[in-house]
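# Residue-level structure breakdown
Listed here are the chains, written in short residue letters.
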Amino acid sequence: MNIKMEQRLANTWKMTVNEKKFIETALVADIRVDGRRPFDYRRLTIKFGREDGSSEVQLGQTHVMGFVTSELVQPYRDRQNEGTLSIFTEFSPMADPSFEAGRAGESAVELARIIDRGLRESRAVDMESLCVIAGKLVWAIRVDLHILDNGGNLVDAANIAALSALSTFRRPEFTLGGEGGQEVIIHPPEVREPLPLVIHHFPIAVTFGFFGDDNIVVIDPTHKEESVMGGRMIATLNTNGDICAIQKAGRVAVMHTVIMQCLRIASVKAGDITSKIKNAVESYNTERALRKIKRHSSAALDVHKPVADWETQNQSVDQKRMSDLPGHQERLKPISKESGVSQSNNMEGVLTPNKPPEELTDEKPSETESDQLNADIMPAHSPDGAVGSVVETNRKNTLADAVKPKHKRKKKSSSNIDAS
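Just so it is clear, the structure is predicted and the values come from calculations on it, not from any experiment. (Residues numbered from 1 in each chain as written. Predicted model: local features only at pLDDT ≥ 70, side-chain atom pairs only at ≥ 80, totals over all residues. Heavy atoms only, no water.)

## Regarding the overall build of the protein chain
The helix and strand inventory of the protein chain stands at twelve helices and 16 strands. In the protein chain, which comprises 420 residues, the share counted as buried stands at 34%. Long-range pairs, those at least 24 residues apart, make up 69% of the contacts in the protein chain with a sequence separation of at least 6. Counting every atom, the protein chain has about 26,700 Å² of accessible surface; 53% of that belongs to carbon and sulfur. (Helix = DSSP H or I, 4+ residues; strand = E, 2+ residues; numbered from the N terminus. Buried < 20%, exposed > 50% of the residue type's maximum accessible area, 1.4 Å probe, protein only. Contact = heavy atoms within 4.5 Å. Areas by Shrake-Rupley, 256 points an atom, 1.4 Å probe, with all protein chains shown as cover.)

## Quick look at the pairing of strand β9 (residues 183–186)
Pairing between strand β8 (residues 174–177) and β9: four bridges, direction antiparallel. Bridging across to β9, Leu-176 finds its partner in Val-184. A loop of five residues connects β8 with β9, the two strands running antiparallel in sequence, and Gly-178 in this loop sits at a positive phi of about 80°. (Pairing = 2+ DSSP bridges.)

## Let's talk about the nonpolar core
Counting residues in hydrophobic clusters, the biggest one holds 65 residues, and the most contacted among them are Leu-166, Phe-208, Phe-210 and Ile-277. Apart from residues no more than four positions distant in its own chain, Leu-166 is found in contact with Val-68, Leu-85, Leu-119, Val-125, Ile-141, Val-143, Leu-197 and Ile-199. With eight residues, the next largest nonpolar core counts Ile-23, Phe-211, Ile-216 and Val-218 among its residues. (Core = buried A, V, L, I, M, F, W, Y, C linked by side-chain atoms within 4.5 Å.)

## Re the packing of helix α3 (residues 106–120) against helix α4 (residues 154–168)
Across the interface, α3 lies against α4 with an axial gap of 10 Å and an inter-helix angle of 50°. In terms of axis orientation, α3 runs oblique to α4. The handedness of the crossing between α3 and α4 comes out as right-handed. Across the interface between the two elements, Leu-111, Ile-114, Ile-115 and Leu-119 of α3 pack against Leu-154, Val-155, Ala-158, Asn-159, Ala-162, Leu-163 and Leu-166 of α4. A class-by-class count of the residues in the contact of α3 with α4 yields ten nonpolar, one polar and no charged. (Axes fitted to C-alpha atoms, helices over the stretch in contact; angles between N-to-C directions. Parallel < 35°, antiparallel > 145°, perpendicular 65-115°, else oblique. Left-handed = near helix turned anticlockwise from the far one by under 90°. Nonpolar A, V, L, I, M, F, W, Y, C, P; charged D, E, K, R; others polar.)

## Side note on unusual backbone geometry
Residues other than glycine predominantly adopt negative phi, and peptide bonds predominantly adopt the trans conformation. Phi is positive for Arg-123, close to 55°, though the residue is something other than glycine. Position of Arg-123 among the secondary structure elements: in the loop between α3 and β5 (131–133). Look at Asn-153: it is not a glycine, yet its phi comes out positive at around 60°. For Asn-153, a relative accessible area of 1% gives the class buried.

## Some thoughts on the packing of aromatic side chains
Applying the stated rule across the entire model yields two aromatic pairs. Ring centres of Phe-48 and Tyr-284 lie 5.2 Å apart, and the angle between their planes is 40°; on these two criteria the pair is classed as tilted. Pair noted here: Phe-48 is in strand β1 (residues 44–48) and Tyr-284 is in helix α6 (residues 256–299), with a separation of 236 residues, a long-range link. Taking the relative accessible area as the measure of exposure, Tyr-284 reaches 4% and is therefore buried. A cation over a ring is seen here: Arg-142 above Phe-88, with NZ or CZ 3.9 Å from the ring centre. (Phe/Tyr/Trp six-rings, centres within 6.5 Å; stacked < 30°, edge-to-face > 60°. Lys NZ or Arg CZ within 6 Å of the ring centre and 35° of its normal.)

## With respect to the pattern of salt bridges
In this structure the tally under the stated criterion is eleven salt bridges. The residue Arg-36 makes a salt bridge to Asp-34 at a minimum N-O spacing of 2.7 Å. Arg-36 gets classed as buried once you look at its relative accessible area, which sits at 11%. Residue classification places Asp-34 among the partly exposed residues on the basis of a relative accessible area of 40%. The partner of Arg-123 in a salt bridge is Glu-82, with the nearest N and O atoms 3.3 Å apart. Taken together, the residues span a long stretch of sequence, with Arg-123 in the loop between α3 and β5 and Glu-82 in the loop between β3 (62–73) and β4 (84–91) at a distance of 41 residues. (Salt bridge = Lys/Arg side-chain N within 4 Å of Asp/Glu carboxyl O.)

## Concerning the environment of Thr-222
Relative to the helices and strands, Thr-222 is located in the loop between β12 (216–219) and α5 (223–228). For the pair Thr-222 and Gly-209, spaced 13 residues apart in sequence, the C-alpha separation works out to 9.6 Å. In this view, Thr-222 contacts Asp-34, Arg-36, Arg-42, Gly-151 and Gly-152; residues no more than four positions away in its chain are not counted.

## Considering the sheet that holds strand β11 (residues 204–211)
Whenever strands of a sheet pair, they do so through backbone hydrogen bonds, lying parallel or antiparallel. Here four strands make up an open sheet; going across it, the order is β12-β11-β13-β14 and the pairing antiparallel. Each edge of the open sheet is held by one strand with a lone partner, namely β12 and β14 (243–250). Shown here is a sheet whose adjacent strand axes are inclined to one another by a mean of 20°, direction ignored. The pairing of β11 with β12 spans four bridges and is antiparallel. Paired with Phe-210 across the strands is Val-217, a residue of β12. Contacts between α4 and the sheet are confined to β11 and β13 (231–237), with β11 contributing the most and set at about 180° to the helix.

## What to know about the pairing of β11
The buried fraction of β11 amounts to eight of the eight residues, a majority that puts the element mostly inside the structure. By the alternation rule, side chains of β11 split into Ile-204, Val-206, Phe-208 and Phe-210 and Ala-205, Thr-207, Gly-209 and Phe-211, which are all buried. As defined by bridge partners, β11 adjoins β13 across seven bridges and the pair is classed as antiparallel. Its bridge partner lying in β13, Ile-204 is registered against Leu-237. Turn length for the β11-β12 hairpin, with the two strands adjacent in sequence and antiparallel, is four residues, and the turn residue Gly-212 shows positive phi of about 65°.

Here it is as C-alpha cells:
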C-alpha cells in the first residue's frame, strides 16, 4: 500500500517528453514559460506577523514562513563566549506531494545546511553579543522555516525568510544579580524593551539553473524548470560583493567564464534583494513603534470605569490645574490685617478684594446688622476701637456675650445726640 502510494506521488510531478522539449526549445530562444527573461526574478513579497521574529515570503508560487525563537543554553567548549545559531526546515505535504510528513528528507536537510552555511560561515550575526555569562550561559537562536508551497527555488525564498525574521527578532533584556553577579534576571517586554540582534550584513542566496551542453543559464528557476535543468549553482553574496558560500550540484560541466558571469549577476541581485528586505523591515519597525504608542496611551485610561467616573476624574483634574494657577492662588489668599476688611462684610463667605483699605475702614455696619453680629460672633477689638481681622469662631457663646459692652452703648448714645 505504501509502495503504491509513493509511486503515485512520484508520478504526479513527472513531465512528459513534449513538455521538457518545449521548455528547452524556449530557453534557446531566451524565452521562459512564465514570460520572464533568463536573468529576471519573480515577484518578491515580504510580510511580517504581529510578533517579533516572524516573516512570510512569497517568491512567485513559492511560499515560505520563518520564525525565530531564543533560549538560554550552555555554550560549546571551543566557543564559550559565543551564542549559537541553528536552522531547521519543515516540509509539509501540503506544499509538495513528494514531501513526507514528520520526516526530514534529503531536500530538507540540504536546504537547512545551505542557509546555515551562508549565515554562520560569513559571520553575519554577531555571536559574541549573545553571550550572557562566559562559559555558562549564552543565547541560542533558532530559525524555523516552514515550506507552505513549493513553486521552485526554495533556497532563495527560505534564505530571504530567515534574514527577514532575524532582522525583526528581539531577544529579552536581562541583568545580572545575586552573589558575584552569577544570577540572570530576565525582564519581560513590559518592563524593559527587548534588544534586536546585531546583524553585520545580509548574505543573499542566488540560484542559477544550467540547461544542456550549451551552458544555458537562468536565474530563479521554477518547479518545472528544476525538473528539466541538468545542474544548478547557489551563490551567496552580500552587497559588498563578498562571496559567502558557493554550492554546485548536478553533472553538467560549467565553464569558469560562465561562473564569473553568474557571480557578477548575483552581486547585483543581492543588492536589490537587500534593499527590499531593509525597506520592509523599516516599515515594520515604524508600524511597531506606532502600536507601542497606542498601547501606552490607551493603558492610561481604565476602560472598565463608567462614564460618570471619567467625568468626575476630569473635573478633579481641572480643579487641580486651576488651583495651580498663580491668579487663582492670589484670589484665594487670606486677607491680611492691612486690608482692614470687617467680618460683617464676609458673613456670606464672599471676599471683597480689590478695594482700598481706606474705603473698607470707613464702611460701618448698621445697628440691626451689628446687633445680629454681636449676638452670633464677638469680634476682638483693638485699643483704638477698630475692628480686628481675627475672629474667634470656635469659642462657645456665654451669658456675658449677650450683654453689650459699655463703650458700645456710649457710642450709640453719642451718635443719637449728633443725629438730633
